[in-house]
Structure formats: C-alpha cells, structure tokens
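Letter by letter, the chains look like this.
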Amino acid sequence: MAITLNDGFKLPMVGLGVWRMEGKDIRDLIINSIKIGYRHFDCAADYGNEAEVGEALSEAFRIGLVKREDLFITTKLWNTDHGHVLEACKDSLKKLQLDYLDLYLIHFPVAIKHTGIGETGSPVDEDGVLDIDTTISLETTWHAMEDLVSKGLVRSIGISNYDIFLTRDCLAYSKVKPAVNQIETHPYFQRDCLVKFCQKHGICVTAHTPLGGATANTEWFGTVSCLDDPILKGLAEKYKKTVAQIVLRWGIQRNVVVIPKTSKFERLQENFQVFDFELAKEDMDLIKTVDRKYRTNQPARFWGIDLYA
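Thresholds, definitions, all that
- Residues numbered from 1 in each chain as written.
- Predicted model: local features only at pLDDT ≥ 70, side-chain atom pairs only at ≥ 80, totals over all residues.
- Heavy atoms only, no water.
- Axes fitted to C-alpha atoms, helices over the stretch in contact; angles between N-to-C directions.
- Helix = DSSP H or I, 4+ residues; strand = E, 2+ residues; numbered from the N terminus.
- Left-handed = near helix turned anticlockwise from the far one by under 90°.
- Contact = heavy atoms within 4.5 Å.
- Buried < 20%, exposed > 50% of the residue type's maximum accessible area, 1.4 Å probe, protein only.
- Pairing = 2+ DSSP bridges.

Go over the packing of helix H1 (residues 23-36) against helix H2 (residues 50-62), please, and point to the residues and values.
Orientation of H1 relative to H2, taken along the N-to-C sense of each, is 35°, at an axis distance of 9 Å. In this structure, the crossing between H1 and H2 has a hand that is right-handed. Every residue of H2 that contacts H1 at Gly 23, Ile 26, Arg 27, Ile 30, Ile 31 and Ile 34 is listed here: Glu 52, Val 53, Ala 56, Leu 57, Glu 59 and Ala 60.

Written as structure tokens, this is what we have:
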C-alpha cells in the first residue's frame with residue numbers, strides 16, 4: 001500500500017525508521033526488513049548511521065535481494081547545514097552509497113550555527129541556548145532544496161516538524177511544492193488540524209513518532225507512550241492484535257504514512273502486519289477521545305529553547 005505524492009512518486013505507507021539504531025545491528029535489521037517486505041526506509045544525517053545503512057543497502061543490491069528502484073529512501077538536512085544544502089545532500093548520498101534520494105527533508109525549521117558538513121551537533125551559546133543562525137531564511141533553504149531536484153540528486157523534497165503557519169509559508173514561496181511534511185503524530189498527539197491542512201493542500205503527512213515514542217522517548221525525554229493506554233489495549237483485545245498494530249492501523253486509516261522504529265526482528269514483522277484488518281468507524285472515533293495534545297519528542301531538553309512554544 002502506497003500514497004501517490006503530489007509529484008507522482010509513490011511512498012509506501014509503512015516504512016522503517018532508523019533513528020537510534022546501532023551500527024552493529026543495522027545490517028541485519030535492513031536485510032531482514034527487506035525480506036519481510038519493507039520498501040521504505042527513513043534516515044537522517046543527524047542519526048549518525050547513514051554509512052552503516054548504506055553498507056546494508058549496498059549488500060541488499062549486490063546479492064539481488066532487491067533493486068534500487070524498488071526502494072524509497074528518505075534522509076534529512078540537519079539544522080547546521082541550511083546554508084550548505086548541496087554539500088550536505090551529496091555527503092548523505094555518499095554515505096548511503098546512492099546516486100539519488102527518493103525524498104530529502106528539512107529536518108527542523110531552524111538554521112543553527114554551521115559546524116562542518118557531516119557534523120550534526122546542536123551547538124549552544126554561552127547561556128546554553130541553541131545557537132540559531134538568523135542570516136538564513138527557511139525560504140532560502142527551500143529554494144536550495146528545489147535546486148537538488150533540478151540537478152537530479154533528489155526526486156521529491158519535503159519538510160519536517162513544520163506547523164500550519166510554516167507549512168503555509170512554504171506553499172506560498174515554493175516553486176516545487178513540498179511533497180511531505182513529517183511530523184510527530186500518534187493517538188496522544190493527533191494534530192488533526194495540521195494533518196487535514198497538509199492533506200487539503202496535497203502534502204502527504206508522515207508520522208515520525210507513530211507509536212508515541214515508546215521506550216526510546218521515555219529514555220531520552222521522560223515521556224510516556226500511548227501503548228499503555230487502556231482504551232487502546234481494549235481495542236487490541238477486540239481485534240486480536242497488539243496495541244502497536246492498532247495504533248499503526250489508525251495512522252494508516254488517517255491516510256498518514258507511518259515509520260515505526262524497532263531493533264527487534266519480531267517487532268519488524270509485527271509492525272508490517274497491519275494490512276489484514278480495518279478499524280471500524282466507531283473505533284476510529286473512540287481513538288479520537290484519547291488525544292492529550294501530548295508531544296513526546298522534546299528536543300528542547302537539549303537545545304535550551306522550546307521551538308514549539
């Protein structure tokens with residue numbers, strides 16, 4: 001199952017996110033996920049593992065497990081490289097061992113002090129606050145992203161962590177419309193207005209935290225996951241599925257692409273087995289009632305500034 005983007009390319013509705021995947025585990029995870037049926041992989045320069053992902057993809061191509069044209073590979077421009085879009089993209093392509101990207105996203109709508117191509121830190125000033133670069137506009141960054149399309153380095157371009165207002169601005173100044181807005185959305189943070197706004201204007205929504213962050217965000221940010229919610233547990237029992245499968249299916253039925261992250265083989269299989277059932281309308285409506293407007297991915301803890309305030 002795939003969504004056709006506004007530029008005609010098809011994005012598989014279930015992908016594998018590689019955030020916080022350890023280098024030593026990536027090879028087996030990528031190979032096994034391809035065998036299961038995954039064709040969509042979501043990467044980022046900031047994840048620090050593009051080279052390991054590239055090795056795994058190269059092996060998959062070499063042994064004939066899959067062809068390059070069968071896969072949809074996404075990666076992202078980090079905040080320190082807004083003024084160096086072309087160089088950053090080429091660096092990611094080199095690490096991923098690819099000739100082109102299917103999708104390149106602006107990871108966050110903020111430019112910060114440049115620290116060197118491939119260096120993906122988050123420099124802070126003497127007060128411990130993110131060192132924001134006020135000389136580079138998001139419009140300038142977007143036009144540089146558009147140039148990547150004309151150069152054939154990238155097929156589709158998009159945005160990530162943009163709210164309604166920033167998305168609206170991007171639509172106003174873009175020559176190539178954003179194909180995707182990748183945002184945090186899950187039952188505890190449903191963001192219906194943003195999702196509907198994007199979809200109304202032909203922008204596909206991808207959920208980068210479709211399970212509410214689970215263990216990863218609990219460890220990093222001290223947040224809680226919707227997977228322990230009693231209503232969702234009740235639906236899992238009703239459909240004889242896991243809570244994660246219920247949550248992913250809910251996302252798909254909102255016409256949202258989901259990219260759950262896991263480092264366990266059994267979870268890889270589980271997360272992909274969401275096409276053999278459908279949630280009834282009353283259960284979709286029931287899930288609406290658990291919305292807490294609760295963000296679990298909170299980089300402000302490291303940046304000393306809340307960009308969402």
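Break down unusual backbone geometry for me, with residues and values.
You will see that Gln 97, though not glycine, has its phi angle at about 60°, which is positive. For Gln 97, the location among the structural elements is in the loop between helix H3 (85-96) and strand S6 (101-106). Among the residues examined, Gln 97 registers a relative accessible area of 39% and is labelled partly exposed. The phi torsion at Lys 240 lies on the positive side, around 55°, for a residue other than glycine. Position of Lys 240 among the secondary structure elements: in the loop between helix H8 (230-239) and helix H9 (243-253).

Could you give an account of the sheet that holds S6, with specific residues and numbers?
If you trace the 8 strands from one edge of the open sheet to the other, you get S3-S4-S5-S6-S7-S8-S9-S10, paired in parallel fashion. Taken across any chain shown, the strands that pair with only one partner, and hence form the sheet edges, are strand S3 (16-17) and strand S10 (257-258). Against the sheet, H3 engages strand S5 (72-77), S6 and strand S7 (154-160), with an angle of about 135° to S6.

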